[in-house]
Amino acid sequence: MAPNITQPTPTQQEFRAAMANLSAGVNIVTTDGPRGRAGITVSAVCSVTDTPPTMLVCVNRSSRSHDILRDNERVCVNVLGPEHQDMALAFAGGVPPEQRFSVSGDGWDHSVADVPVLRGSAASIVGHITGTATQGSHSVLFIEADRVIVGEDSGGLVYFQRRFHPISTPLGA
């Protein structure tokens, strides 16, 4: 018997096309702890408040990393720069999970926090999950920052029209 694959509705197809036009910063969310080490590329990340410093991250519940992130409770949101496109692809599923952290060689710092922090990232926000919400296929993880590391201003990496695009910092800015 063939698997029951549900075709997206016209509204879902239009919504996906519309969301492809929504530029989003690219991040790798990492964790380490009792459930092991994991990381995933995520574009659904935003600031919630600075009192206390909190952000949200949306993760597909079917992702292998989902339960590991949630159960470890400690994470690092690594904001990627233009030089991190290969890493973004690797952590988006282009490389098996057990090999993802070796893509950058010695690019991960484990001495800064108890989770992997990407050396040379535009920013790294280390924190703990203070709450979750479920909406459809995703979980929204609320992360309260314990430590913030701001990198050198070398630009950013955004996801637009289903592709990565480097964003340069204007000279003299």
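Our structure's up above, just so we're on the same page.
Reference entry: report on the structure contained in this document. All figures in this text were calculated on a predicted structure; none of them were measured in a lab. (Residues numbered from 1 in each chain as written. Predicted model: local features only at pLDDT ≥ 70, side-chain atom pairs only at ≥ 80, totals over all residues. Heavy atoms only, no water.)

Regarding the environment of valine 26
With respect to the secondary-structure elements, valine 26 resides in the loop between strand 1 (24-25) and strand 2 (27-31). The sequence separation of valine 26 and valine 42 amounts to 16 residues, and the corresponding C-alpha distance is 6.1 Å. (Helix = DSSP H or I, 4+ residues; strand = E, 2+ residues; numbered from the N terminus.)

Focus: the side chain of serine 124
Note on placement: serine 124 falls in strand 9 (residues 123-135). In this structure, serine 124 is in contact with Cys76, Val77, Asn78, Val117, Leu118, Arg147, Val148 and Ile149, ignoring residues within four places of it in sequence. (Contact = heavy atoms within 4.5 Å.)

Things to note about the packing of aromatic side chains
Per the stated rule, a full pass over the model turns up four aromatic pairs. Seen in terms of ring centroids, phenylalanine 91 and phenylalanine 101 are 5.1 Å apart; in terms of plane orientation they differ by 85°. Their pairing is edge-to-face. Pair noted here: phenylalanine 91 is in helix 3 (residues 85-94) and phenylalanine 101 is in the loop between helix 3 and strand 7 (108-109), with a separation of ten residues, a long-range link. Per residue, the accessibility class of phenylalanine 91 equals that of phenylalanine 101, and both read buried. (Phe/Tyr/Trp six-rings, centres within 6.5 Å; stacked < 30°, edge-to-face > 60°. Buried < 20%, exposed > 50% of the residue type's maximum accessible area, 1.4 Å probe, protein only.)

Quick look at the nonpolar core
Grouped together as the largest cluster of nonpolar side chains are 15 residues, with contacts concentrated most on Val29, Val57 and Ile143. The set of elements that each furnish at least two residues to this core consists of strand 3 (38-42), strand 5 (53-60), strand 6 (74-79), strand 9 and strand 10 (138-150). Beyond its immediate sequence surroundings of up to four residues, valine 29 is in contact with Ala38, Gly39, Ile40, Val42, Val57, Leu69, Val75, Cys76 and Val77. Of all hydrophobic cores here, the second largest spans 13 residues; its members include Ile28, Ala90, Trp108 and Leu118. (Core = buried A, V, L, I, M, F, W, Y, C linked by side-chain atoms within 4.5 Å.)

Section: the state of the cysteines
Applying the stated criterion to the full structure yields zero disulfides. For cysteine 46, which is in no disulfide, the shortest distance to another cysteine sulfur is to cysteine 58 and amounts to 7.3 Å. Judged by relative accessible area, cysteine 46 falls into the partly exposed class, the value being 36%. Free cysteine cysteine 76: the closest other cysteine sulfur is in cysteine 46, separated by 17 Å. (Disulfide = S-S within 2.5 Å.)

Regarding the pattern of salt bridges
Inspection of the entire model under this criterion finds five salt bridges. The closest approach of N and O atoms between arginine 74 and aspartate 114, which form a salt bridge, is 3.1 Å. Here arginine 74 is found in strand 6, whereas its partner aspartate 114 is found in the loop between strand 7 and strand 8 (117-118), with 40 residues between them in sequence. You can call aspartate 114 partly exposed: its relative accessible area is 47%. Each of Arg35, Asp67, Arg70 and Asp71 takes part in one network of salt bridges that share partners. (Salt bridge = Lys/Arg side-chain N within 4 Å of Asp/Glu carboxyl O.)

Overview of unusual backbone geometry
Note that the residue after threonine 51, namely proline 52, is joined by a cis bond; omega there is -5°. Mapping proline 52 onto the fold places it in the loop between strand 4 (45-50) and strand 5. We note that arginine 162 has phi near 60°; this positive angle belongs to a residue other than glycine.

Considering the sheet that holds strand 3
Backbone-to-backbone hydrogen bonds pair the strands of a sheet. The strands run either parallel or antiparallel. If you walk across this open sheet you meet the seven strands as 3-2-6-9-10-5-4, and the pairing is antiparallel. Both outer strands of the open sheet, strand 3 and strand 4, are each paired with one neighbouring strand and no more. Between one strand axis and the next, the sheet turns by 30° as a mean value, whatever way the strands run. Note: strand 2 against strand 6, four bridges, orientation antiparallel. For isoleucine 28, the partnering residue across the bridge sits in strand 6 and is asparagine 78. The sheet contacts of helix 2 (residues 64-72) involve strand 2, strand 3, strand 5, strand 6, strand 9 and strand 10, and relative to strand 3 the element is tilted by about 115°. (Pairing = 2+ DSSP bridges. Axes fitted to C-alpha atoms, helices over the stretch in contact; angles between N-to-C directions.)

The values are spatial; any link to function lies outside them.
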